[in-house]
Amino acid sequence: MNLRELANRRAKKLSETDLAAERLAVQKFAVGQSVPRSEDPMLLRGHGQYTDDISLPDQAYAVMVRSRHAHGVIRAINADTARKMPHVLAVYTAADLEDYGPLKCVVPLKNRDGTPMLKPWRGALAKGRVRYVGDPVACVIAESVLAAKDASEAVEIDVEPLPSVIFPEAAVGDGAPRLYDDVPGNIPLDFHFGDATAVEAAFAKAAHVTRLKLVNSRLVVNAMEPRAAVAAYEGGRFTFYVGSQGVTGMRAQVADAFGLDPKSVHVVTGQVGGSFGMKGVLFPEYVCILHGARALGRPVKWTDERSGSFLSDSHGRDQEFLGELALADDGTFLAVRMTGFADMGAFLSPMGPFPGTVNIGKNVQSMYRTPLIEVSSKCVFTNTTQIGPYRGAGRPEGNYFMERLIDTAAAEIGIDRVVLRRRNQIRRSDLPYQTASGVTYDSGDFAALTKQALELADIKGFARRKRESTRRGKLRGCGIGNFLEVTAPPSKELAAISFDADGMVTIATGTLDFGMGHATPFAQVLSDKLGVPIEKIRLVQGDSDKVVMGGGSGGSKSLMHSGTAIVEAAAKVIDKGKEIASHVLEAAPSDIEFEQGRFLIAGTDRAISVMDLAQTLRNGRAKLPADAPQSLDVSHISDGPGAPTFPNGCHIAEVELDPETGVVELVKYSCVNDFGTVVNPMIVAGQLHGGVVQGIGQALMEMTAYDDDGQLLTGSFLDYAMPRAADVPSFVLAEHPVPAKTNPLGVKGCGEAGCAGSLASVMNAVLDALAARGIRHLDMPLTPFRIWQALHAADSAGARSPAQ
C-alpha cells in the first residue's frame, strides 16, 4: 500500500453513526465531566507504591536519636557503645556532617526597618545545643531496624538543661530564654505591611472599632504515610526515593545541601500518602541517610514512626493576632489591622515565615472592599517543633480572622451579619478590583454567590430549626464563612507531550500529585485540545530524570500552571502536526486544519487523526523532508498563568450543642464555591470535602499542647483528636463558576479552599449558638470541655449579677 492509498483509507469519511459515537465518547470525558480518577482502582487494590514500599538490595536502616529536652547545652555525645553493637554500621553526629550546607529558609522577607530577616544556621543534626523535644542529635545505621533501634538507645547524650519557652508572647518578653545568641528577643523577623499612618487615621475617624484577640491553633499534620526515604549512591550519583511535592524542587534542595550539580541527584516520588505542605522540603533525616548511602556504599532506608512524626514533622498554623476592624457609621469597612505573633518553633523551616506574614496580608482582604490593610507580625522562636505550611498556609487564617471580626462587629453595632457582609462585598461591576493587599481581582460574583449559598442552606428556615432545638434543650447556631484565597503566584512550568511506541501519549509536568488526582483532569485537558482518547494518556511527574524542570505543587496552583503548560504544548503539537499532515495528505500546510482530533484538508473530507498520524510516523511510512518535523513530540516550558487566581465561596454551617456536656454536633453544612472552570466536578468535590473536614477538625477537636518544660502532651492519637466520618454530615455543594481571566482554561485553585470556608463557618456557628448564653468569643478548638467551662463560667457570672 503506497502513501496515497494509506492516506485515503485513513481519510475515509466517517458515517453519521460513527460521528455520533465519537461525539458521545468525547462528551463523556470532556472538560466539565466527572470522570473517575484513573489511579483509584490501583490504589483500592493495594497496588500503589508508597515510599515505605520501596526496598533496595543490600539496604541498611536508619533510626534517629532525638533530644528529650526542649532546651539545653550538649556537653557530650558518647556513641562508642552503640558503634560496637552487633550489626551496627555507623553512628553519625553533627561532626560527621560538617561538610554539608544548612537546611535553608528560602523566604526573602525583610524586617519593617528594611533589614533582612535573621536566619540562624540549621544543620541536619544538633550541634552545641538542642532546642526542642525531638531535635535530631544522632543517626544510627544498622543491618536491621531492630538493631538500629537497640543501638539508638545506647547513644548517651549529656545535656545541661536550659529554661525553655513555649509561647511566642512569652518568648519576646524581657528575660525570656534566648534560643539563638544572634537573634535578639527570639524575633528573626519583624514583618510589617501597609500604610500605618493611613490606617491609624481611618481608625481615628471610625464610628465603631471592633477589637478581638484571635488564635489560630497549632496543628500536627498527620499525613497518612509518615515521612520515609530511601537513599542510594552509585557512580557518583544519588538516587533518592522520597515523598515530596515536586521532584525537581527536592532535587535542587539535595544538590544545594551537598554542593552538587543537580544532575548528580535523581529524585523519585511515588504515592505520597498525604503532605498538605509538609513533605515538600529537605528534612534532617534525609541528609543523614544520603550521607550514609555515600559513606557506606549501600542503600539506606528510613521510615518514621507515628510517635516520631508528631515530634519531627513540621507543624502547622500557630498564630495569635489582635484583629481590629474600623467601621463607618453605616457599617462600611474603613480599615483592618492585624497585630500579633507567628510561632516559628525552634528553627526556620524553608517557608515557615510566609503563612503568618505575607499570606495574612493577602487573604484578610477576602471578598470585601476594605480600603486599608495593615499587618504587623513578629515571627518568634520557641522551644517547640518547627512550623511549616499546612493546607492553605495563611489563606484559611486570614479569612478566618476577617470573618470572626465581621460577626463580632455585627453583634456590637446591632446589624444583621448577612447585611454587613453584603454591604461591604466587592461588586461585580467593580472588577477588575485593585485591593489594599496589593493584588488585582480579575473575576468573581460575590453577592450572587452569597445569595445562592443562603438559599441553599435554607437560611430562612433557621429560626424554626433553632426553636425545635430549644424545645429539646439544645443550643443551635448558624455560621457563615465567606472566603477568597490568593493562590500561588505565576511561575514557569513544564509540559512535555510524547507519542510513545506503545500507542500511549505521555504528559510529563513538574507539578506533583500527592493525593489530589492530577492524572484524570490533566488528561481531560489534553484530550479536549488534541482529541486523544483519555484512556491513552498517562502522566509522569515523580521522576526528576523525566521531568526536566517544574515548580512542584502547592498554593492551589497545579491546574493553573500545568494546565496552562499543557494547553500551550498542545498548540505546538498541532502546529507540528499540520506541517507533517500536509506531507501525508499531500496538501499545502496552509490548507490543513485541525478539528476534533483530526488534521483535515480544508473543504474536503480527507483527514487523519492525530493518533493515526503518530502511528504513521512510528511505522516509518511517512516520507518527510529533512527540514520538516520528524515527530509530534513537544517539550515546552511555559511562563505560567498571568497572575494568581482567586477562588472564593460562601460556606454555611449549622451546629447543635448540648449545654450539659458541651458536645457539638455539626448537623448541616452547605456551600457554594467559585472555582472558575471546573474541569472535573467529582475531583473538585473530593478536594473540597477533604479541606472542609480538616477545617472542622481544627475548629472542634485538634489540639497541640506542650507543658511548661516543652514536652509535647499530645504526641499520639490517644491524645490528639482527629475528625472521623461520624463527625461530619453529608455536605451540600453547589458551584457558581466565574472563569478566571488569567489562564487559558479559566480555572481557579480548589485544593485548600475547603479549610478556609469551614474553619470560619464552624467557629461562627458554635459561637452563634453560645451567644444565647452571653458568650461572644472562644478560641479554637471548641472542645466539649472548653465549651462546658465557658457555659458554667457564664452561668456563674449570671447567677452573681443580681447580688452585685
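Residues numbered from 1 in each chain as written. Predicted model: local features only at pLDDT ≥ 70, side-chain atom pairs only at ≥ 80, totals over all residues. Heavy atoms only, no water.

1. Examining the nonpolar core
Thinking step 1. Core analysis: the largest hydrophobic core is formed by 93 residues, its most contacted members being Leu325, Met338, Tyr441, Leu700, Val766 and Leu770.
Thinking step 2. If you tally residues by element for this core, the top one is helix H20 (residues 753-770), at 11 residues.
Thinking step 3. Other than its neighbours up to four places away in sequence, Leu325 contacts Phe203, His208, Val209, Thr210, Phe333, Ala335, Val336, Met402, Leu405, Ile406 and Ala409.
Thinking step 4. Core analysis: the second largest hydrophobic core is formed by 57 residues, Ala60, Ala90, Leu219 and Leu290 among them. (Core = buried A, V, L, I, M, F, W, Y, C linked by side-chain atoms within 4.5 Å. Buried < 20%, exposed > 50% of the residue type's maximum accessible area, 1.4 Å probe, protein only. Helix = DSSP H or I, 4+ residues; strand = E, 2+ residues; numbered from the N terminus. Contact = heavy atoms within 4.5 Å.)

2. Structural notes on the packing of helix H12 (residues 395-413) against H20
Thinking step 1. For the pair H12 and H20, the least separation of the axes is 8 Å and the interaxial angle reads 30°. As summarised for this structure, H12 and H20 are arranged roughly parallel, according to the angle between their axes. Handedness of the crossing formed by H12 with H20: right-handed. Where H12 approaches H20, its residues Pro396, Asn399, Tyr400, Glu403, Arg404 and Asp407 are matched on the opposing element by Cys755, Ala756, Leu759, Ala760, Met763, Asn764 and Leu767.
Thinking step 2. Among the residues forming the contact of H12 with H20, the class breakdown is eight nonpolar, two polar and three charged. (Axes fitted to C-alpha atoms, helices over the stretch in contact; angles between N-to-C directions. Parallel < 35°, antiparallel > 145°, perpendicular 65-115°, else oblique. Left-handed = near helix turned anticlockwise from the far one by under 90°. Nonpolar A, V, L, I, M, F, W, Y, C, P; charged D, E, K, R; others polar.)

3. Digging into the confidence of the model for the protein chain
Thinking step 1. Averaged over every residue, the pLDDT of the protein chain is 94; residues scoring 70 or more account for 96%.
Thinking step 2. Between residues 1-17, whose pLDDT stays under 50, and residues either more than four places distant or in other chains, the model counts 25 contacts. (pLDDT = per-residue confidence, 0-100.)

4. Points about the pairing of strand S12 (residues 300-303)
The side chains of a regular strand alternate between the sheet's two faces.
Thinking step 1. With two bridges joining them, strand S1 (residues 60-66) and S12 adopt parallel strand pairing. Counterpart to Tyr61 in the pairing with S12 is Lys301.
Thinking step 2. Examined bridge by bridge, strand S9 (residues 228-234) and S12 share four bridges and lie antiparallel to one another. Across the sheet, residue Val230 finds its bridge partner in S12, namely Lys301. (Pairing = 2+ DSSP bridges.)

5. Some points on the sheet that holds strand S22 (residues 592-595)
Thinking step 1. Strands sit in the order S22-S23-S24 across an open sheet of three strands; the sheet is antiparallel. The open sheet has two edge strands, S22 and strand S24 (607-609), and neither has a second partner. For this sheet, the mean inter-axis angle between neighbouring strands, taken without regard to orientation, is 25°.
Thinking step 2. Bridging between strand S23 (residues 598-601) and S24 involves three bridges; their strand directions are antiparallel. Across the sheet, Phe599 pairs through a bridge with Ile608, a residue of S24.
Thinking step 3. Across the sheet, helix H18 (residues 610-618) is in contact with S22, S23 and S24; its angle to S24 comes to roughly 85°.

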